[in-house]
Amino acid sequence: MVAMPAQNRDRSLGFNMTPMIDVVFLLIIFFLISSHLTRQEQQVKLALPIAKTGAHPTQLTNPRLIINLLADGRVVIQDEDVTQAMIGQRIGASLERLDAKERENFEVRIRCARQTPYEFVQPILTGCVQQGIWNVTFAVYSPEEAPAS
Amino acid sequence: MRVTRSYRADALDMNSAMTPMIDVVFLLLIFFVWTISFQAIERLLPSNVSREAGKLESNLEDLDPEVDFERIVVRLTGDAASPQYRVNEQVFGSAAEVRAFLQTIVAIKPDAPVVIHPDDQIEIGPVVGLLDISRQCGFSKVSFAAKPPSAR
């Protein structure tokens, strides 16, 4: 019997981390891309208003409804065009699916172009009040991070 | 001759070790390129629509334009993009002037509720700007005025 060279024995016993790191990174990238694309799907590209006191979202798990409001008054909710009259109804439909505790934390996020006249924002605010929602937020850019338009 | 062989073996070993390293480096590169988002980060501006009153301010026409700042009503009228501001009937030409005025008031009455009452044609940019100014000055109760649905 021929003895194996010592160098070869060492190599076969060593655990190679590289392919494992490779696979883990690939998985991370996969999930990042898929979550990013899902998020992007819901977001209509808008030139949001600019505000200094805007904060980063903290309650990420709260149920929310994102209302996109275009400068011409068109309303887009969950990738669907909605008439002004139907906004209250859509908020009500979102609330129906929630239990009492979730309703308490329900958030309506208004994403509107900064050129949108106030008359188009007003029905959303009124709709929220009628449904008893106080947690209404405006999506804004901070002056430093606002994209050049 | 022996020296040359060992050199070759080393070179071969290094070549095979480079491949997974390049692999990982490229993955890291893709990871960082992806995480540096090309989209601007959105922030949130809470508006406290109706927490205090349980309804939007809808009877503003009856408000007395008194100056004791029981309630600060800021009206936005005129030009859609650069409106004229009226704080309790006192006229201001720019947002900077309103900010200075609100800073004076907040020193006297920091808990006064601020009601933002824009005209229909005013763009939301200056309206949100005013909400931002009120928050910067330190007012915590800022609400919006809206006509009841029947009046529209």
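### As for the sheet that holds strand β6 (residues 142–144) of chain B
Residue and element names in this part refer to chain B. Judged by pairing direction, the sheet is mixed, and its five strands sit side by side in the order β4-β3-β2-β5-β6 without closing on themselves. Edge positions in the sheet fall to β4 (90–92) and β6, since each has one partner strand and no second. Taken over all neighbouring pairs, the strand axes of this sheet differ in orientation by 25° on average, direction set aside. Against the sheet, helix α3 (residues 124–137) engages β2 (72–77), β5 (114–118) and β6, with an angle of about 170° to β5.

### A closer look at the sheet that holds strand β4 (residues 107–112) of chain A
Read across the open sheet, the six strands follow the order β3(A)-β2(A)-β1(A)-β4(A)-β5(A)-β1(B); overall the sheet is mixed. In this open sheet, the two strands that pair with only one neighbour each are β3 (80–82) of chain A together with β1 (43–46) of chain B. Taking the axes of each pair of neighbouring strands and ignoring which way they run, one obtains an average angle of 35° across the sheet. Helix α5 (residues 118–130) of chain A rests against β1 (64–69), β4 and β5 (136–140) of chain A of the sheet, and its axis sits at about 180° to β4 of chain A. In the packing of α3 of chain B onto the sheet, contacts are made with β4 and β5 of chain A together with β1 of chain B, and the angle to β1 of chain B comes to roughly 75°.

### Section: the interface of chain B and chain A
Each partner contributes residues to the interface: chain B has 38 residues there, and chain A has 42 residues. Elements that contribute at least two residues to the side of chain B that touches chain A include exactly α1 (2–35), β1 and α3 of chain B. Looking at the side of chain B that touches chain A element by element, the count peaks at eight residues for α3 of chain B. Of the residues belonging to the side of chain B that touches chain A, the class tally is 22 nonpolar, seven polar and nine charged.

### Notes on the pairing of β1 of chain A
All names here are of chain A. Sheet topology places β1 next to β4; six bridges connect them, and they run parallel. Across the sheet, residue Leu69 finds its bridge partner in β4, namely Cys112. Here three bridges tie β1 to strand β2 (residues 75–77), and the two strands are oriented antiparallel to one another. Its bridge partner being in β2, Ile67 is matched across the sheet by Ile77. Between β1 and β2, which pair antiparallel one after the other, the connecting turn spans five residues, and Gly73 there sits at a positive phi close to 95°.

### Some points on the packing of helix α2 (residues 95–108) of chain B against α3 of chain B
Residues and elements named next belong to chain B. The contact between α2 and α3 brings their axes to 9 Å, and the two run at 30°. The orientation of α2 with respect to α3, classified from their angle, is roughly parallel. Where α2 crosses over α3, the handedness of that crossing is right-handed. Contact residues: α2 offers Ala95, Val98, Arg99, Leu102, Gln103 and Val106, while α3 offers Pro126, Gly129, Leu130, Ile133, Ser134 and Cys137. For the contact of α2 with α3, the class distribution of residues is eight nonpolar, three polar and one charged.

Calculation criteria
- Residues numbered from 1 in each chain as written.
- Chains lettered and ligands numbered in written order.
- Predicted model: local features only at pLDDT ≥ 70, side-chain atom pairs only at ≥ 80, totals over all residues.
- Pairing = 2+ DSSP bridges.
- Helix = DSSP H or I, 4+ residues; strand = E, 2+ residues; numbered from the N terminus.
- Axes fitted to C-alpha atoms, helices over the stretch in contact; angles between N-to-C directions.
- Contact = placed C-beta atoms within 7 Å.
- Nonpolar A, V, L, I, M, F, W, Y, C, P; charged D, E, K, R; others polar.
- Parallel < 35°, antiparallel > 145°, perpendicular 65-115°, else oblique.
- Left-handed = near helix turned anticlockwise from the far one by under 90°.

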